[in-house]
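# Coordinates in review
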Amino acid sequence: MATLLSVNVGMPKDVSWQGRTVHTGAWKSPVRGPRMVRRLNIAGDGQGDLAGHGGEMRAVLVYQQESYQYWQKHLGRDDLSYGSFGENLTVAGLPDDEVCIGDRYRIGDAEFEVSQPRVTCYRVGMRLGEPTMASLLVAHHRPGFYMRVISEGHVQAGDEIILTRRGPEELSVADTDALLYLPDRDPAKLRRALRIPALSPGWQQSFRELAAAQQPKQEPGWPGGRAEPQQTREMPGWPGFKTMRVARIVPETPAVSSIHLDATDDTPLPDSRPGQYLSIRVPAGDGAPAVRSYSLSSTPTARSYRISVKHEPHGLVSGYLHTRLHADDLVEIACPRGTFVLADGTGPVVLLSAGIGVTPVLAMLHRLAAVRDPRPVWWIHTARDRAHHAFANEVHALLAQLPRAHEHISYTAEASLRPDEAHIGQGRPSARSLAALGIPADADAYLCGPTSFMDDVGGFLRELGLDSARIHVEQFSALPAINPGVTPTATVRPHQPPGPEGTGPLVTFARSGVTTPWSPAHASLLDLAEACDVPTRWSCRTGVCHTCVTHVVSGDTRYTTQPLEPPEPGTVLVCCSEPTTEVVLDL
């Protein structure tokens with residue numbers, strides 16, 4: 001007979017961790033007497049990070065006495081009291097390999113339904129002082145599980161736990177957890193998981209993506225196909241950097257020039273998907289070569305690529321490319337990559353850009369025009385004025401090849417317009433101006449430009465009825481950080497790490513423009529990135545969740561803690577790796 005041994009609650013608090021402050025509800029303590037369980041949590045309990053914890057599908061976390069005994073022996077610990085694993089209910093019985101998703105249990109006056117395994121999160125390791133705990137829970141098949149509340153009521157230690165209904169498909173918590181986080185997935189179990197209505201929406205979505213990746217389909221973000229973090233495929237193009245020749249440099253505006261790059265041998269260049277970028281490495285400063293990424297701005301040929309670069313004030317690499325680079329010079333180029341790509345389909349397409357953000361969507365327009373795509377296409381671009389409007393004639397000619405094209409240009413500075421320029425207006429895009437264009441709600445929109453532009457325009461499009469999943473954005477700089485639970489601080493420009501300079505291989509964070517020698521003082525590449533204030537993305541910090549997966553532009557790495565499932569070739573989990581050679585990362 002299963003029994004409730006302890007009810008544990010705790011309100012979120014600020015905890016100091018690795019020089020930062022984490023707002024977390026992981027610290028739970030046993031309480032005596034009955035406690036009311038409501039739809040979202042137990043009375044007196046709370047979660048610090050509602051994006052990853054809490055909510056209706058994760059109202060109550062359960063962990064077993066038997067797992068406590070297992071970890072006491074495995075970790076050599078005798079100080080693990082109930083609540084130490086962040087659970088609300090400590091139980092005798094209900095092992096993860098027997099409890100199934102969708103099972104319903106009555107405890108006291110309340111009834112619950114099992115909704116998903118525990119989320120892999122660094123905070124359980126932080127709470128226990130065991131940094132690899134998130135990985136251990138998965139590897140040892142002892143994650144614990146969440147339940148949603150079917151009927152509210154009181155519960156207390158000593159209550160009997162009664163199974164009231166067995167979940168459909170009878171897929172255990174341990175098997176469900178392994179399906180998401182471990183390799184060698186059983187396709188039959190994956191199909192079973194997708195037939196369980198009680199499984200939380202987030203896990204359902206992850207399993208749908210995994211099921212799609214097992215089909216013989218191409219995957220987004222790679223030349224000729226798609227790329228998903230957990231889908232294994234060969235690295236396209238060439239490894240690292242290769243030498244290309246500058247065929248010519250074409251001024252487009254006073255501040256923008258296009259650089260045409262040719263292959264230096266007879267090997268055909270790999271195709272790219274419209275919207276992808278190249279990374280270029282040049283000797284721009286006195287120190288190590290600098291790496292920057294620039295979008296391809298046209299359809300590649302078998303021997304040539306084109307990038308278009310704006311000369312930014314104080315821009316180290318853009319300044320070099322505009323003032324010191326000449327035709328016939330040789331430069332180092334990494335193969336095309338990136339996930340901001342034009343998707344196949346038959347629905348309407350909206351290409352929205354501002355300033356130099358025009359480049360990736362221009363490549364998309366080239367591809368649409370090359371096949372005279374019958375889809376309705378809206379081209380919406382914002383520039384300062386006519387003199388700074390790059391590719392105006394080129395775009396106009398491409399749109400003329402499309403049967404259902406709409407062109408709308410906005411100049412933010414005053415300009416005298418000709419009678420034949422009805423497609424040009426004054427000011428920045430607004431909710432009203434976009435609504436007047438008749439953009440349908442089922443359109444796929446591709447946005448590139450300054451962050452504030454994309455934030456504003458993305459909001460306007462959602463007001464028009466476009467689903468967020470149909471609004472795709474590209475950022476030239478570092479991606480927004482994902483640091484669950486960490487209290488935000490003032491944004492700091494990426495910089496060299498504090499302390500003595502390392503003596504190991506050079507590590508370059510390409511999006512952030514930082515190159516620094518590796519030092520074993522850092523536990524991982526993630527740790528080094530954080531020391532440089534490079535925006536990072538992570539959750540488990542132990543090689544389980546793949547949130548930190550990062551493309552390796554060049555170089556080699558090794559894992560200090562072996563991940564439970566390796567990422568795809570050409571990528572690395574920065575939370576548990578270090579460089580073995582000079583390495584360039586897309587961070």
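Just above sits the structure.
Residues numbered from 1 in each chain as written. Predicted model: local features only at pLDDT ≥ 70, side-chain atom pairs only at ≥ 80, totals over all residues. Heavy atoms only, no water.

### Some words on the sheet that holds strand E20 (residues 330-337)
The cut-off we apply is this: For two strands to be treated as a pair, DSSP must find no fewer than two bridges joining them. Secondary structure elements are defined from DSSP: runs of H or I of at least 4 residues count as helices, runs of E of at least 2 residues count as strands, and each element is numbered from the N terminus. Axis lines are fitted to C-alpha atoms, over the contacting stretch for helices. Their N-to-C directions set the angle, which ranges from 0 to 180 degrees.
Strands sit in the order E18-E17-E20-E15-E16-E19 across an open sheet of 6 strands; the sheet is antiparallel. Each edge of the open sheet carries a strand with a single partner, namely strand E18 (290-295) and strand E19 (304-310). Geometrically, the sheet is characterised by an average inter-axis angle of 40° between neighbouring strands, direction not taken into account. As judged from the 7 bridges shared by strand E15 (residues 241-251) and strand E16 (residues 256-263), these two strands associate in the antiparallel manner.

### Some words on the sheet that holds strand E24 (residues 424-426)
Quick note on the threshold: What makes two residues a contact is simply this: any of their non-hydrogen atoms within 4.5 Å.
Pairing is parallel across the open sheet formed by 6 strands, whose spatial order is E24-E23-E22-E21-E25-E26. The sheet is open, and its two borders are formed by E24 and strand E26 (471-474), each paired with just one other strand. In this sheet, adjacent strand axes meet at a mean angle of 15° when their direction is disregarded. Pairing geometry for strand E21 (residues 349-354) and strand E25 (residues 444-448), over 5 bridges, is parallel. From the neighbouring strand, Val350 faces E25, where its bridge partner is Ala445. Contacting E21, strand E22 (377-383) and E25, helix H8 (residues 358-370) runs over the sheet at an angle of about 150° to E21. Contacting E21, E22, E25 and E26, helix H11 (residues 451-463) crosses the sheet at an angle of about 165° to E25.

### Observations concerning the packing of aromatic side chains
Just so we agree on the cut-off: In summary, the pairing rule links any two rings of Phe, Tyr or Trp, Trp by its six-membered ring, whose centres are within 6.5 Å, and it sorts them by plane angle into stacked for under 30 degrees, edge-to-face for over 60 and tilted for everything else. Think of it in three bands: residues with accessible area under 20% of the maximum for their type are buried, residues over 50% are exposed, and the middle band is partly exposed, with areas taken using a 1.4 Å probe on protein chains only.
Applying the stated criterion across every chain, the model contains 11 aromatic pairs. An angle of 85° between the planes, with centres 5.0 Å apart, marks the rings of Tyr70 and Trp71 as edge-to-face. Among the residues examined, Trp71 registers a relative accessible area of 0% and is labelled buried. Between Trp203 and Phe207 the ring centres are 6.0 Å apart and the planes differ by 75°, which places this aromatic pair in the edge-to-face class.

### Brief notes about the pattern of salt bridges
Here is the rule we go by: Whenever Lys or Arg places a side-chain nitrogen within 4 Å of a carboxyl oxygen from Asp or Glu, that contact is recorded as a salt bridge.
By the definition in use, this model includes 27 salt bridges. A salt bridge links Glu565 to Arg185; its shortest N-O distance comes to 2.7 Å. Pair noted here: Glu565 is in the loop between strand E30 (557-559) and strand E31 (571-573) and Arg185 is in the loop between helix H4 (173-181) and helix H5 (187-193), with a separation of 380 residues, a long-range link. Arg185 sits in the buried class, given a relative accessible area of 15%. The partner of Asp444 in a salt bridge is Arg470, and the shortest N-O contact between them spans 3.2 Å. Taken together, the residues span a long stretch of sequence, with Asp444 in strand E25 and Arg470 in the loop between H11 and E26 at a distance of 26 residues. One connected set of salt bridges, linked through shared partners, spans Arg104, Glu113, Arg148 and Arg165.

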